[in-house]
Every structure is written in C-alpha cells, then in structure tokens.
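Here are the chains, one letter per residue:
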Amino acid sequence: MVPVARVSDAAVEAIRPITGGIVARSIATVAVTKCGLDVEYASQAQVMDLAAAMESGIRSFVAEPERAEEAVHALRNAIAAMSLGGGAEAAASALGASAGAPAPGAAQGAGDLCRIELREEYDIVTARGITREMCGALGFAAVEQVKVATIVSELARNIIAYAGRGSIELRAIREGRKGIEVKAVDNGPGIPDLDAIMEGAYNSRSGMGIGLVGTKRLMDEFEIDSVPGRGTTIIARKFA
C-alpha cells in the first residue's frame, strides 16, 4: 500500500515542467476523482489505475501531441521510480515503459496551451476551474476571472447539451497585452439563424442565442463559425 497523496504529488512534480503547474494539478485531481480514490492508501493495482487515468488526462488536456507524449513518459518514469510492492521494474512493466529511459527536453511555453475534452458534466467543472486558474496566473482581477470562467462553463455546457461532445482549448496570450484565448469546437448540428441571433433579432427556443450574445458582449474579441450539420467553432479573447 502507498499513500495516494504521495503518488499524486510525485506525478504532478514529474509533469509540471512540461504541462505547467495549473494543468498538472488539474490532471491529478480529475484522475483521483474518476478513480474513486477517496482513501488515504492505495494498492499497487489502484496506483496503476490512477497512472492510467492520468495518462488519459494528459492526452486530453495537453493540445500538442509531442508535449503530451513527453509528459506521459515523465509520468511513467516517476511511477516506475517509486517502490510499489512489486518494485520499480514491476511498476514500469505495468505502465509499458522503461524506468531508466531518459525523458526528452521540456517544450518551451509549457502550460500556455490546454485542451479539455468535453464528454460529460464533470468536464464542465474541470474547464471552469482551469480557466480561472489560468486567468489568475495571467494577472486577471478576481471579478474578471469569474466572468471568463463563467463564459467557458456556458460554452462547454452548450457543447454537451446540443452537440454531445467537443472540446474547449485555452491559450495564454503573452504577446503585447496579456490575455486568454478560448476556442470552443464541436461537430454538432450547427446553429440555424446565426446572423439573426448575433444581431439580437432572434432568440432560439433553447436560449442558446442569449448565451452567444452575452459571450460576445463580455469578451474583447469574438468570432463564430457555424454550419448546419457540420458543427460550430467559437474563438473569443479576453485581455487582463
């Protein structure tokens, strides 16, 4: 048996240089919750389940494939280096990694880009939390953090409600004014009467139009592309 906190902390420290602290902590928190590890100590099998959940989280949260694989490799090395009953070699074998293999160099700008896959209600909470943390790190005032996080929450909720699944991508803006870019993408049915909705001349029965107009009003920059039957992409930016 091994302390769950020990495994989680070791995993966060291993991937933090690659993903950034905000994303690393979010990945660990979501993985612990999804594995149902509300106990203080975990068995080796539970630790392996937690590691697998974190690998899945890394690939969902980290937009760049190369950086995601780098973080996965660092995670595997960290888990394999811990003595988990069967030892480091057993842990490495269970994760499909070599404990002694060196990890590639960390990518530049780590933590400035994050993608949250949206499949269930809990993912909305995750997207909101990461948005607020990222805004805080960029210097947004507390009130503005809440505004942007609320917008992301509503965009994510619309995706799950109307398209079933999609993604929210968050990018830190550091050139010139600091800010955050939010990109919401789905392959759902699209939005009919989009022009009328954005002009405030028409409200959809679902009320989606109110949310879109509100998002445009609260953000500094807003773009939307929606084609019936082919999905919707929204890009919005807010500056600190």
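Now for a description of the structure that goes with this document. It should be emphasised that the depicted structure is a prediction, and the values quoted were computed from it without experimental measurement.

1. Focus on the overall build of the protein
Here is step 1 of the chain: Counting its regular elements, the protein contains nine helices and seven strands.
Here is step 2 of the chain: The 240 residues of the protein split such that 49% are buried.
Here is step 3 of the chain: Taking the intrachain contacts of the protein between residues at least 6 apart in sequence as the baseline, contacts between residues at least 24 apart amount to 64%.
Here is step 4 of the chain: For the protein, the accessible area works out to roughly 11400 Å², and carbon and sulfur atoms hold 51% of it.

2. Some points on the pairing of strand E5 (residues 179–186)
Here is step 1 of the chain: Taken across its eight residues, E5 has six buried, putting it largely inside the fold.
Here is step 2 of the chain: The hairpin turn running from strand E4 (residues 166–173) into E5, its antiparallel successor, is five residues long, and Gly176 in that turn takes a positive phi close to 75°.
Here is step 3 of the chain: Relative to strand E7 (residues 231–239), E5 is paired through eight bridges, and the arrangement is antiparallel. Within E7, the residue paired with Asp186 across the bridge is Thr232.

3. With respect to the nonpolar core
Where a protein is soluble and globular, its nonpolar side chains tend to be buried together.
Here is step 1 of the chain: In this structure, Ile15, Met54, Ile58, Ile168 and Leu170 are the most contacted members of the largest nonpolar core, which totals 65 residues.
Here is step 2 of the chain: For this core, the leading source of residues is helix H2 (residues 21–34), giving eight residues.
Here is step 3 of the chain: Among all residues touching Ile168, those that are not within four sequence positions of it are Cys114, Arg115, Ile116, Leu118, Val152, Leu155, Ala156, Ile159, Val182, Lys183 and Ala184.

4. What to know about the side chain of Thr126
Here is step 1 of the chain: On the secondary structure map, Thr126 appears in helix H6 (residues 121–137).
Here is step 2 of the chain: When residues no more than four places from it in sequence are discounted, the contact partners of Thr126 are Val30, Phe61 and Ile116.

5. Some details on the pattern of salt bridges
Here is step 1 of the chain: Counted according to the given criterion, the structure contains 18 salt bridges.
Here is step 2 of the chain: For the salt bridge of Glu55 with Arg59, the shortest nitrogen-to-oxygen distance reads 3.6 Å. Of this pair, Glu55 and Arg59 both sit in helix H3 (residues 44–61), four residues apart, which is roughly one turn of the helix.
Here is step 3 of the chain: Glu55 gets classed as buried once you look at its relative accessible area, which sits at 8%.

6. Quick word on the environment of Val152
Here is step 1 of the chain: Counting through the fold element by element, Val152 comes out in helix H7 (residues 142–163).
Here is step 2 of the chain: Owing to a relative accessible area of 0%, Val152 belongs among the buried residues under this scheme.
Here is step 3 of the chain: Sequence-wise, Val152 and Val125 are 27 residues apart; in three dimensions their C-alpha atoms are separated by 9.8 Å.
Here is step 4 of the chain: Contact partners of Val152, with chain neighbours within four places excluded, come to Ala127, Thr131, Ile168, Leu170 and Val182.

Rules of the game
- Residues numbered from 1 in each chain as written.
- Predicted model: local features only at pLDDT ≥ 70, side-chain atom pairs only at ≥ 80, totals over all residues.
- Heavy atoms only, no water.
- Helix = DSSP H or I, 4+ residues; strand = E, 2+ residues; numbered from the N terminus.
- Buried < 20%, exposed > 50% of the residue type's maximum accessible area, 1.4 Å probe, protein only.
- Contact = heavy atoms within 4.5 Å.
- Areas by Shrake-Rupley, 256 points an atom, 1.4 Å probe, with all protein chains shown as cover.
- Pairing = 2+ DSSP bridges.
- Core = buried A, V, L, I, M, F, W, Y, C linked by side-chain atoms within 4.5 Å.
- Salt bridge = Lys/Arg side-chain N within 4 Å of Asp/Glu carboxyl O.

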